[in-house]
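# A closer look at the structure
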Amino acid sequence: MPLEWFAAHEGPCLDVDYKDDLAVASGGMDKTVQLQTTAITAAYQVFETGVSEGELLANGAQLLVASDDGQLALLNMANGTVIRAFEGAEQPVVAMTAAADGSQLAAATADNKLLFWTINNGQLRTTFELPESVTMLQFSADNQKVAAILADSTIRVYDAGDEVRELYELTSDQPVVSLLFQDDNRHLVTGHANGLVRQWLYASPDAVRTFTGHGSSIYGLAFNHDSKIFASASLD
């Protein structure tokens with residue numbers, strides 16, 4: 001049974017984020033961003049189109065949001081004002097991720113581009129042209145790498161340090177639906193549509209371990225504090 005119901009949007013809710021018991025942020029087709037605790041605390045209209053992606057920064061005071069028409073902005077959660085806009089996207093944002101330290105933003109757009117920005121000044125760092133659309137983006141725990149899941153089940157890993165560049169590509173024979181870096185920054189795990197979970201070593205072309213037990217798509221992955229134990233959640 002849910003601990004709390006939030007029924008604030010007047011249309012479909014497209015994304016939600018939750019950080020450190022501070023607040024729940026959600027974006028929807030009703031063109032609003034909702035910030036909630038146990039009741040609606042604020043509702044802001046940021047864009048003229050729907051909000052497709054949203055992510056709370058670790059400080060709990062700022063929220064990154066993206067629109068259906070390619071706009072990205074950093075909001076002040078206290079009053080909904082736009083702190084900074086991020087220019088460069090020309091198509092709707094389909095995936096977004098921010099570094100845990102609040103330093104960088106990466107977003108993928110519907111025209112198969114991957115863009116990186118510096119959050120504190122809004123500067124576009126670089127843009128990559130991709131052969132397929134991106135279904136998910138994830139920063140590593142050390143904020144130095146970004147993994148992108150492509151629609152053709154390849155995984156591209158990028159160095160997000162001083163010089164943003166592609167590091168390597170992994171190829172899966174099964175559709176990839178979820179991904180998570182381990183805290184050791186040497187491994188990542190992927191969840192697949194057929195219920196498998198795989199562990200990959202840095203730049204290794206083949207999975208080093210495969211875990212079975214699920215019978216359906218793996219949509220949730222989480223590690224414990226030292227990355228020695230992980231949990232997976234599936235549709236079954």
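Residues numbered from 1 in each chain as written. Predicted model: local features only at pLDDT ≥ 70, side-chain atom pairs only at ≥ 80, totals over all residues. Heavy atoms only, no water.

### Here's the deal with the overall build of the protein chain
For the protein chain, the helix and strand inventory stands at 0 helices and 22 strands. Summarising the internal contacts of the protein chain: among those between residues at least 6 apart in sequence, 34% fall at separations of at least 24. Approximately 11,400 Å² of the protein chain is accessible, and the part contributed by carbon and sulfur atoms is 48%. (Helix = DSSP H or I, 4+ residues; strand = E, 2+ residues; numbered from the N terminus. Contact = heavy atoms within 4.5 Å. Areas by Shrake-Rupley, 256 points an atom, 1.4 Å probe, with all protein chains shown as cover.)

### Describing the sheet that holds strand β5 (residues 51–56)
Judged by pairing direction, the sheet is antiparallel, and its 4 strands sit side by side in the order β5-β6-β7-β8 without closing on themselves. The open sheet has two free edges, formed respectively by β5 and β8 (82–86), since each of these has just one partner strand. Mean inter-strand twist for the sheet, computed between neighbouring axes without regard to direction, equals 20°. (Pairing = 2+ DSSP bridges. Axes fitted to C-alpha atoms, helices over the stretch in contact; angles between N-to-C directions.)

### Observations regarding the pairing of strand β21 (residues 218–223)
The sheet contact formed by β21 and strand β22 (residues 230–234) spans 5 bridges and is antiparallel. Bridging across to β22, Gly220 finds its partner in Ala233. Taking the residues that link successive antiparallel strands as the turn, the β21-β22 hairpin has 6 residues, and the phi of Ser227 there is positive, at about 65°.

### Structural notes on the packing of aromatic side chains
Following the criterion strictly, the structure yields 7 aromatic pairs and no others. Considering the side-chain rings of Phe116 and Phe128, the 6.0 Å spacing of their centres and the 80° angle between planes classify their relative orientation as edge-to-face. Placement of the pair is Phe116 in strand β11 (residues 113–118) and Phe128 in strand β12 (residues 124–129), with a sequence separation of 12 residues. Note on accessibility: Phe116 and Phe128 belong to one class, buried. When the ring of Phe211 is compared with that of Phe230, the centres are 5.1 Å apart and the planes differ by 80°; the resulting orientation is edge-to-face. Of this pair, Phe211 sits in strand β20 (residues 209–211) while Phe230 is found in strand β22, placing the two residues 19 residues apart along the sequence. Residue classification places Phe230 among the partly exposed positions, given a relative accessible area of 25%. (Phe/Tyr/Trp six-rings, centres within 6.5 Å; stacked < 30°, edge-to-face > 60°. Buried < 20%, exposed > 50% of the residue type's maximum accessible area, 1.4 Å probe, protein only.)

### Some remarks on the sheet that holds strand β16 (residues 165–171)
Read from one edge to the other, the open sheet built from 4 strands follows the order β13-β14-β15-β16, with strand pairing classed as antiparallel. The outermost strands of the open sheet, each flanked by one partner alone, are β13 (134–139) and β16. Within this sheet the neighbouring strands show an average axis-to-axis angle of 20°, counted without direction. As paired elements, strand β15 (residues 154–159) and β16 share 6 bridges and run antiparallel to each other. Residue pairing across strands places Ile155 opposite Leu170, the latter belonging to β16.

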